[in-house]
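Each chain, written out:
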Amino acid sequence: MKERYAHMRESNRLTAVQTPIIPAIADLIRATPGVISLGQGVVNYTPPPIVAAEIERFFADPNNHKYQGTSGIPALNEAITAKLASENNVRVGAAHGNGVMVTAGGNQAFLNVALAILDPGDEVILPVPYYFNHEMAITMANARPVLVATDSNYQLDLDALAAAITPRTRAIVTISPNNPSGVVYPEESLRAVNALCARHGLFHVSDEAYEYFTYDGAKHFSPASIPGAEAHTISLYSMSKAYGFASWRIGWMVFPTALEPALRKIQDTLIICPPVIAQFAAAGAMSLGRGFVQEKVEALARTRAMVRRELSTLEAEGLAEVPQAEGAFYYLLRINSPLAPLPYVTRLIREHKVAVIPGDAFGLEGGCSLRLAYGALRPETAVEGVGRFVAGVRALRREIT
């Protein structure tokens, strides 16, 4: 009987895709009551109250329960277009050689891009550490992620990126502010990557989901604002972090007009249109402008400062390296331990009731690197969680040595 069904298996393409680490860590957390999670990359606040009125407006028109436009409802597209012009210095529309497509979150936007530009065997350059869902989407498209190391502070190595280009390269991906490292790439680095892509006929895929989350004077820069960049630059955005919209699944992309036919085919197949009720809510939230988000970021900055002070004690004791992180809500630490990341994280969860994410999920090899996220918790809980983490690192060092 087994032989009859032996051919009924998952595709070879999917066997090459890594198992998502967040659900795996969540299973460990559920099995250990009382764990404080510093793993999930979400914010601790909810969408603004205005979304309730927008949902009522959605229900007022029965036609809203039918399929809507593939690229997004007019109200949200108009809000996005205005936001990009005023905040990112990016003009969109046919006259500018690009377009906007609303998606079910930033992850779907990246998958749309992978399917639109990649053929089997093509290559995409990912600076390491990468965001694991990017690597997974590239592999699902039967293409090959080409991993390029960053420097000791997780900043881009431009010479290494250039050296990694081959005839099969189709794109270079940047994430700034970065998940998982929290670094912010300076404008000159992003301009250099964009120019490198232009010279070699590559797409520059710029993930800007954390654009508002910058600290200590760091500035976010959008490569699509560079004159002439519209023909090869794809920019990805998300409502999940800035507006507390994680479960609402709304993001968008700015893309060269030449990709529109392919993107529309993919969008219609995957989702037809993004959830319309969530688009109404998103349009309402965006009407508040950057002010809503900035207030939240200022509060998060105070939590960040407390977290940094706690982590600095590990650095002072020689137990960890804590590279600067001027964006997002992450620290990507290098722990002085002979344990591999996942066994280390497992012991932190089971013995010290605190969870972080192993760094090898983001492509980091060798050593024990861990991503610590502080955005999902109230300040007092985040500080307690980091206190547990620091105590756990000290205890594991004593036990292992």
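Just above, that's the structure.
Everything numeric here is computed off the predicted structure, so don't read it as measured data.

1. Structural notes on the overall build of the protein
Working step 1: Secondary structure summary: the protein contains 13 helices and 13 strands in total.
Working step 2: Against the compact-globule benchmark of 21 Å for 401 residues, the protein has a radius of gyration of 21 Å, which places it among compact chains.
Working step 3: Taken along its principal axes, the extent of the C-alpha atoms in the protein is 65 × 60 × 50 Å.
Working step 4: The 401 residues of the protein split such that 55% are buried.
Working step 5: Of the contacts made within the protein by residues no fewer than 6 positions apart, 77% connect residues no fewer than 24 positions apart.
Working step 6: When the accessible surface of the protein is split by element, carbon and sulfur atoms take 54% of a total near 17000 Å².

2. Some words on the sheet that holds strand β13 (residues 368-373)
Working step 1: Strands sit in the order β9-β10-β13-β12 across an open sheet of 4 strands; the sheet is antiparallel. At either end of the open sheet lies a strand with only one pairing partner, and these are β9 (320-321) and β12 (357-358).
Working step 2: Examined bridge by bridge, strand β10 (residues 330-335) and β13 share 6 bridges and lie antiparallel to one another. Its bridge partner being in β13, Leu333 is matched across the sheet by Leu370.

3. So, the packing of aromatic side chains
Working step 1: Enumeration over the complete set of coordinates arrives at 14 aromatic pairs.
Working step 2: Between the aromatic rings of Phe213 and Phe329, the centroid separation amounts to 5.3 Å while the plane-to-plane angle is 90°, which identifies the pairing as edge-to-face. With Phe213 in the loop between β6 (203-207) and β7 (233-238) and Phe329 in the loop between β9 and β10, this residue pair connects regions lying 116 residues apart in the sequence.
Working step 3: Take Phe329: its relative accessible area is 0%, and that puts it in the buried class.
Working step 4: Ring geometry for Tyr237 versus Trp252: centroids 5.4 Å apart, planes at 20°, classification stacked.

4. Regarding the environment of Gln40
Working step 1: Position of Gln40 relative to the elements: it lies in the loop between β1 (36-37) and α3 (50-60).
Working step 2: On the basis of relative accessible area, Gln40 is assigned to the partly exposed category, the value being 41%.
Working step 3: Distance from Gln40 to Ile25, taken between C-alpha atoms, is 9.4 Å for residues 15 residues apart in sequence.
Working step 4: Leave out the neighbours within four places in its chain, and Gln40 touches Ile22, Arg371, Ala373 and Ala376.

5. Quick look at the packing of helix α2 (residues 21-30) against helix α12 (residues 341-352)
Working step 1: Where α2 meets α12, the axes come as close as 9 Å, and the angle between the chain directions of the two elements is 30°. When the axis of α2 is compared with that of α12, the two are roughly parallel. For α2 against α12, the interelement crossing comes out right-handed. Only Leu342, Val345, Thr346, Ile349 and Arg350 of α12 make contact with α2, whose side of the interface consists of Ile25, Leu28 and Ile29.
Working step 2: For the contact of α2 with α12, the class distribution of residues is 6 nonpolar, 1 polar and 1 charged.

6. Details of the side chain of Ser235
Working step 1: Within the secondary structure, Ser235 sits in strand β7.
Working step 2: Not counting the four nearest positions on each side in its chain, Ser235 is found in contact with Ser206, Glu208, Ala224, Trp252, Met253 and Val254.

7. Some thoughts on the pairing of strand β2 (residues 98-103)
Working step 1: Taken across its 6 residues, β2 has 6 buried, putting it largely inside the fold.
Working step 2: Because side chains alternate across β2, one face comprises the buried residues Asn98, Val100 and Val102, and the other comprises Gly99, Met101 and Thr103, equally buried.
Working step 3: Note: β2 against strand β8 (residues 251-256), 6 bridges, orientation antiparallel. Bridge pairing in β8 places Met101 opposite Met253.

8. As for the pattern of salt bridges
Working step 1: Counted according to the given criterion, the structure contains 15 salt bridges.
Working step 2: The closest approach of N and O atoms between Arg57 and Glu54, which form a salt bridge, is 3.0 Å. Here the residue Arg57 and the residue Glu54 both occupy positions in helix α3, the gap between them amounting to 3 residues, near one helical turn.
Working step 3: The class for Arg57 is partly exposed, based on a relative accessible area of 44%.
Working step 4: Among the ionic pairs, Lys83 bridges to Glu211, the shortest N-O distance being 2.7 Å.

Rules of the game
- Residues numbered from 1 in each chain as written.
- Predicted model: local features only at pLDDT ≥ 70, side-chain atom pairs only at ≥ 80, totals over all residues.
- Heavy atoms only, no water.
- Helix = DSSP H or I, 4+ residues; strand = E, 2+ residues; numbered from the N terminus.
- Rg over C-alpha atoms; globule rule 2.2 N^0.38 Å.
- Buried < 20%, exposed > 50% of the residue type's maximum accessible area, 1.4 Å probe, protein only.
- Contact = heavy atoms within 4.5 Å.
- Areas by Shrake-Rupley, 256 points an atom, 1.4 Å probe, with all protein chains shown as cover.
- Pairing = 2+ DSSP bridges.
- Phe/Tyr/Trp six-rings, centres within 6.5 Å; stacked < 30°, edge-to-face > 60°.
- Axes fitted to C-alpha atoms, helices over the stretch in contact; angles between N-to-C directions.
- Parallel < 35°, antiparallel > 145°, perpendicular 65-115°, else oblique.
- Left-handed = near helix turned anticlockwise from the far one by under 90°.
- Nonpolar A, V, L, I, M, F, W, Y, C, P; charged D, E, K, R; others polar.
- Salt bridge = Lys/Arg side-chain N within 4 Å of Asp/Glu carboxyl O.

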